[in-house]
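# What the coordinates show
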Amino acid sequence: MSVERERKPRLPPRWFVRAFWSVHRAVYRFTGGRLGLWGARANRWGTCRLTTTGRRTGRQHSVIVGYLEDGPNLITMAMNGWADGEPAWWLNLQARPDARVDLADGPRRVRARAAEGDERSRLWSRWREIDARLDAFAAMR
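## Some remarks on the overall build of the chain
Counting its regular elements, the chain contains four helices and five strands. Reading the chain from its N terminus to its C terminus gives the helix and strand order α-β-β-β-α-β-β-α-α. Viewed in the frame of its principal axes, the chain has a C-alpha envelope of about 60 × 35 × 30 Å. Looking at the chain alone, contacts between residues at least 24 apart form 51% of all its contacts between residues at least 6 apart. For the chain, the accessible surface area stands at approximately 10000 Å², while carbon and sulfur atoms represent 51% of it. When the 27 basic and 15 acidic side-chain charges of the chain are each reduced to a single mean position, those positions are 9 Å apart.

Structure, rendered in structure tokens:
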């Protein structure tokens with residue numbers, strides 16, 4: 001009798017993840033924003049360009065992150081490419097929650113906050129509907 005074991009998802013090497021996002025940002029900049037962003041759909045996450053204010057420098061910093069829509073709210077995960085530690089953009093938002101996002105259909109001002117309790121569980125379930133391996137990825141962190 002064979003016992004099926006659930007396979008752990010494989011992450012690409014950290015250098016690859018960082019290079020991919022660097023190229024993604026470069027494509028966005030090089031095309032003047034015409035390429036690199038796409039809207040979220042019911043069964044797919046979208047990408048947006050998030051601009052935060054540095055918690056120490058006060059300078060603007062931009063990253064491209066995945067997001068879902070929850071009514072009028074945009075939801076993203078501060079996952080740092082599944083690496084250890086919190087991403088700098090999330091630390092910046094904790095210190096200065098007012099930010100800007102560029103979406104495929106235009107810019108928007110946002111005010112960030114962490115989801116907690118039942119809301120957090122509900123939003124995690126939404127992400128899990130899109131990526132069934134979410135819990136396995138998160139357990140690797």
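On we go from here.
## Structural notes on the packing of aromatic side chains
Following the criterion strictly, the structure yields two aromatic pairs and no others. An angle of 85 degrees between the planes, with centres 5.9 Å apart, marks the rings of W15 and F16 as edge-to-face. The class for F16 is partly exposed, based on a relative accessible area of 41%. Judged by centre distance (5.9 Å) and plane angle (40 degrees), the rings of W38 and W45 are tilted. According to the relative accessible area criterion, W45 is partly exposed, its value standing at 32%.

## Focus: the side chain of D102
Take D102: it is sitting in strand β4 (residues 98–103). Residue D102 is classed as buried on the basis of its relative accessible area, which comes to 6%. If we skip the residues at most four places from it in the chain, D102 touches Y28, L37, C48, R49 and P107.

## A few points about the sheet that holds strand β1 (residues 46–53)
Strand order across the open sheet formed by five strands is β3-β2-β1-β4-β5, with antiparallel pairing between neighbours. Of all the strands in the sheet, just β3 (73–75) and β5 (106–111) have a single pairing partner and so form its edges. Each strand axis lies, on average, 45 degrees off the axis of its neighbour in the sheet, ignoring direction. Here β1 pairs with β4 via three bridges, running antiparallel. In the sheet register, R49 faces β4, and the bridge partner there is D102. Against the sheet, helix α1 (residues 14–30) makes contact with β1, β2 (60–70) and β4, and its axis sits at roughly 95 degrees relative to β2, the strand it touches most.

Conventions and cut-offs
- Residues numbered from 1 in each chain as written.
- Predicted model: local features only at pLDDT ≥ 70, side-chain atom pairs only at ≥ 80, totals over all residues.
- Heavy atoms only, no water.
- Helix = DSSP H or I, 4+ residues; strand = E, 2+ residues; numbered from the N terminus.
- Contact = heavy atoms within 4.5 Å.
- Areas by Shrake-Rupley, 256 points an atom, 1.4 Å probe, with all protein chains shown as cover.
- Lys, Arg positive; Asp, Glu negative; His and termini not counted.
- Charge placed at Lys NZ, Arg CZ, Asp CG, Glu CD.
- Phe/Tyr/Trp six-rings, centres within 6.5 Å; stacked < 30°, edge-to-face > 60°.
- Buried < 20%, exposed > 50% of the residue type's maximum accessible area, 1.4 Å probe, protein only.
- Pairing = 2+ DSSP bridges.
- Axes fitted to C-alpha atoms, helices over the stretch in contact; angles between N-to-C directions.

Treat this as a map of the structure, not an account of what it does.
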